[in-house]
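Here's the letter readout for the chains.
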Amino acid sequence: MNVLDAVTMIIRTVGERTEEACRASIRAQGVDDSQIVTVREAPFSKAMRVSFEAGIAAGREWTFCIDADVVMRPGSIQAMMRQAMQQPPEVFELQGVVLDKLFVTLREAGNHLFRTSLLPQVIELIPEEGQSLRPETTAMEGMKARGYPWAQVPYVVGLHDFGQSNRDIFRKCYTHAQKHAHLLGDILPKMRRRAATDHDFAVAIAGLAEGLKATAAVRIDIDHRPFSERFEAQGIEEKAPCTMDEFTPGRVEQILQEYAETDDLTVRYLPFSGPEAIALDGTTRLTPSSRRRALWRRRQQKHGTGGAMLYTLGHGIEQLGLRLQQRAGDSK
């Protein structure tokens, strides 16, 4: 059986500059056009609902939602599908990681492989627009509470936020200023180091600055008026349309390998270094014990045994502090 026959690919787009590059990266892996559905809806909560309904209507076992700001790595769909076929029936979703340009990190974003039979329950848990800055995470947490967990796959499925329009970069960072405020201490130094040679990062910093000034609630909506007004006020010149040779399969892999050599590439939620994670071929499965062993080995190599113990203790205290700060903010 060809595992690709069991999946419907949903491209969720609001006109991203890389929409066609995303579609080409899917077709290049052998997925038939009849299996690719494009969803153009806003706000994001509506896009989620329409995407899930399209997956249910297609009737295939798995529904793979890809945001149009992701350009997929060669072979990534097959790798994720093989992982899906090994999961117990209660696992409703799998998620790989992407190389996020603006965060300079490997993190979970823009890719969700859903078990189609459980999507009606996910639809029930989509929050009303404006109630959550992370509607997909809110729905996933709801499924977990019902006894349907998701699985994290230690595999880089593609590039995220490479080649986006200046408007989209500004919009995302405007939102990130509130959505990921706790990460700004890590993100800003990376952006500043790159802004002189890569204009994307200059635009990103401008978006963060305006987002931090915002007093009204920020929404994940491309038509959100305060964002649009602040972007227009910047007078930023827009890029030319994306050409297909910007993100050929070979170029996508080349970018991944180039980032594997950068000193400040970070990895979120995986017990691997950046080069280790990029080198994984999609066959590795994470278990609680394997995660702990790999994480300890990585810290031991970097800090020594005593230093690893101190680092682990400090990291635990730091994470507890961040959760308490977030809870305090949510309770206002």
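Just above, that's the structure.
If you're wondering where the values come from, they're calculated on a predicted model, not measured in any experiment.

Participant: How would you explain helix 8 (residues 199–213) if you had to name every residue and give the values?
Facilitator: The terminal C-alpha atoms of helix 8 lie 22 Å apart, and with 15 residues this matches the ideal 21 Å at 1.5 Å per residue to within 8%. When helix 8 is considered as a whole, its buried residues turn out to be Asp200, Phe201, Val203, Ala204, Ala206, Gly207, Leu208, Glu210 and Gly211. You can read the cap of helix 8 off the contacts: a side-chain oxygen lies 3.1 Å from the backbone nitrogen of Asp200, and it is on Asp198.

Participant: If you had to explain the environment of Gln121 to someone new, which residues and values would you point to?
Facilitator: On the secondary structure map, Gln121 appears in helix 4 (residues 119–124). A sequence separation of 18 residues divides Gln121 from Ala139, and the C-alpha atoms of the two residues are 9.2 Å apart. A polar contact of 3.1 Å, which involves the side chain of Gln121, links it to the side chain of Arg146.

Participant: Hey, could you go over the pairing of strand 2 (residues 36–39) for me, with residue numbers and the actual values?
Facilitator: As paired strands, strand 1 (residues 7–12) and strand 2 are joined by four bridges and run parallel to one another. What sits directly across from Ile11, in strand 2, is Thr38. Handedness of the strand 1-helix 1 (residues 19–27)-strand 2 crossover: right-handed.

Participant: Just give me the short version of the pattern of salt bridges, but keep the residues and values in it.
Facilitator: Taken as a whole and judged by the stated rule, the model has 22 salt bridges. Between Asp200 and Lys239 there is a salt bridge; the shortest N-O distance is 2.7 Å. Of this pair, Asp200 sits in helix 8 while Lys239 sits in the loop between helix 9 (225–234) and helix 10 (249–260), and the two are 39 residues apart along the sequence. Relative accessible area serves as the criterion here: at 6%, Asp200 is assigned to the buried category. Classification of Lys239 as partly exposed rests on a relative accessible area of 26%. One continuous salt-bridge network, built from bridges that share partners, spans Glu19, Glu20, Arg23 and Arg40.

Participant: Talk me through the pairing of strand 8 (residues 150–160); I want residue IDs and the actual numbers.
Facilitator: Most of strand 8 sits out of view: 10 of its 11 residues are buried. Summarising the sheet, strand 4 (residues 70–72) and strand 8 pair through three bridges and their orientation is antiparallel. Looking at strand 8, one finds that Met72 is bridged to Gly158. Note that strand 5 (residues 93–100) and strand 8 share seven bridges and pair parallel. Residue Glu93 lies in a different strand from strand 8, and its bridge partner there is Trp150.

Participant: Just give me the short version of unusual backbone geometry, but keep the residues and values in it.
Facilitator: Here the residue pair Ala42 and Pro43 is connected by a cis peptide bond, since its omega of 0° sits within 30 degrees of zero. You can see Pro43 is positioned in the loop between strand 2 and helix 2 (44–58). Even without a glycine there, the phi angle at Tyr269 is positive, about 70°. Note on placement: Tyr269 falls in the loop between strand 9 (266–267) and helix 11 (274–279).

Participant: Give me the lowdown on the packing of helix 2 against helix 5 (residues 135–145), citing residues and values where you can.
Facilitator: Put simply, helix 2 and helix 5 touch, their axes get as near as 9 Å, and they point 55° apart. If you check the angle between helix 2 and helix 5, you find them oblique. Here Phe44, Met48 and Phe52 of helix 2 lie close against helix 5, whose contacting residues are Pro135, Glu136 and Ala139. Tallied by class, residues from the contact of helix 2 with helix 5 come to five nonpolar, no polar and one charged.

Participant: I'd like a rundown of the packing of aromatic side chains, residues and numbers included.
Facilitator: Summed over all chains, the structure comprises four aromatic pairs. Plain terms: the ring middles of Phe92 and Phe114 are 6.2 Å apart, the flat faces sit at 35° to each other, and that makes the pair tilted. Within this pair, whereas Phe92 is found in the loop between helix 3 (76–85) and strand 5, its partner Phe114 is found in strand 7 (residues 111–115), the two being separated by 22 residues in sequence. Of the two residues, Phe92 and Phe114, both sit in the buried class. The ring of Phe103 carries the charged tip of Arg107 above its face, separated from the ring centre by 4.4 Å. Sitting over the face of the ring of Trp150, Lys144 holds its NZ or CZ atom 5.6 Å from the ring centroid.

Rules of the game
- Residues numbered from 1 in each chain as written.
- Predicted model: local features only at pLDDT ≥ 70, side-chain atom pairs only at ≥ 80, totals over all residues.
- Heavy atoms only, no water.
- Helix = DSSP H or I, 4+ residues; strand = E, 2+ residues; numbered from the N terminus.
- Expected span 1.5 Å × (residues − 1).
- Buried < 20%, exposed > 50% of the residue type's maximum accessible area, 1.4 Å probe, protein only.
- Polar contact = N/O pair within 3.5 Å; in protein donor to acceptor, adjacent residues only side chain to side chain.
- Pairing = 2+ DSSP bridges.
- Right-handed = clockwise from strand over helix to strand, strands pointing away.
- Salt bridge = Lys/Arg side-chain N within 4 Å of Asp/Glu carboxyl O.
- Axes fitted to C-alpha atoms, helices over the stretch in contact; angles between N-to-C directions.
- Parallel < 35°, antiparallel > 145°, perpendicular 65-115°, else oblique.
- Contact = heavy atoms within 4.5 Å.
- Nonpolar A, V, L, I, M, F, W, Y, C, P; charged D, E, K, R; others polar.
- Phe/Tyr/Trp six-rings, centres within 6.5 Å; stacked < 30°, edge-to-face > 60°.
- Lys NZ or Arg CZ within 6 Å of the ring centre and 35° of its normal.

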